[in-house]
Amino acid sequence: MYREPHLQCKSDECRDLWLVWKELWDRDNDSKEAKEARKKWGKCVTEFGEMISEELKTNTRYHGIQK
């Protein structure tokens, strides 16, 4: 769980996309729908990673934390 609501929202979005992809993959891992769902999930987690990186750079709560 994230303290920042926008990060939690994006995390939830990525979780939901993963669940859709997993269901499609379990049915037919080579289907066009499964491949598209995987791409959407991949894009979401990339965006989420960028959001987290930006949060670390700009939110004073995280300044001074050892990496």
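Conventions and cut-offs
As a convention, each chain's residues are numbered from 1 in the sequence order in which they are written. Reporting of local features is limited, given that this is a predicted model, to residues whose pLDDT is at least 70; pairs of side-chain atoms are given and counted only at 80 or more, and all residues count toward the totals for whole chains, interfaces and linings. Excluded from the side-chain calculations are hydrogens and water; all other atoms, namely the structure's heavy atoms, are used. A helix here means a DSSP run of H or I that spans at least four residues, while a strand means a run of E at least two residues long, and both kinds are numbered starting from the N terminus. A helix's residues, less one, multiplied by 1.5 Å, set its expected span. Per-residue accessibility, obtained with a 1.4 Å probe over protein chains only, is compared with the maximum for each type, and a residue is labelled buried under 20%, exposed over 50%, and partly exposed between these values. We call two residues in contact whenever any of their non-hydrogen atoms come within 4.5 Å of each other. To obtain each axis, a line is fitted to C-alpha atoms, and for helices this fit is confined to the stretch in contact; angles are then taken between N-to-C directions over 0 to 180 degrees. By the definition adopted for this analysis, an angle is roughly parallel if under 35 degrees, roughly antiparallel if over 145, roughly perpendicular if from 65 to 115, and oblique otherwise. The hand of a helix crossing depends on one turn: near helix anticlockwise from the far one by less than a right angle means left-handed, and clockwise means right-handed. Gly falls in the polar group here, along with every residue not listed as nonpolar (Ala, Val, Leu, Ile, Met, Phe, Trp, Tyr, Cys, Pro) or charged (Asp, Glu, Lys, Arg).

Draft legend 1. Helix H2 (residues 32-58), seen in detail. With 27 residues, H2 extends 39 Å from end C-alpha to end C-alpha; this agrees with the ideal 39 Å at 1.5 Å per step. Every buried residue of H2 is listed here: Ala34, Ala37, Cys44, Phe48 and Glu55. Those residues of H2 hidden inside the fold are in contact with helix H1 (5-27).

Draft legend 2. Up close: the packing of H1 against H2. Following both chains from N to C, one finds H1 and H2 inclined at 160°, their axes separated by 9 Å at the closest point. Classified by the angle their axes make, H1 and H2 are roughly antiparallel. Every pair of crossing elements has a handedness; the one defined by H1 and H2 is left-handed. Each residue belonging to the contact of H1 with H2 can be placed in one class, and the counts come to 16 nonpolar, two polar and seven charged.

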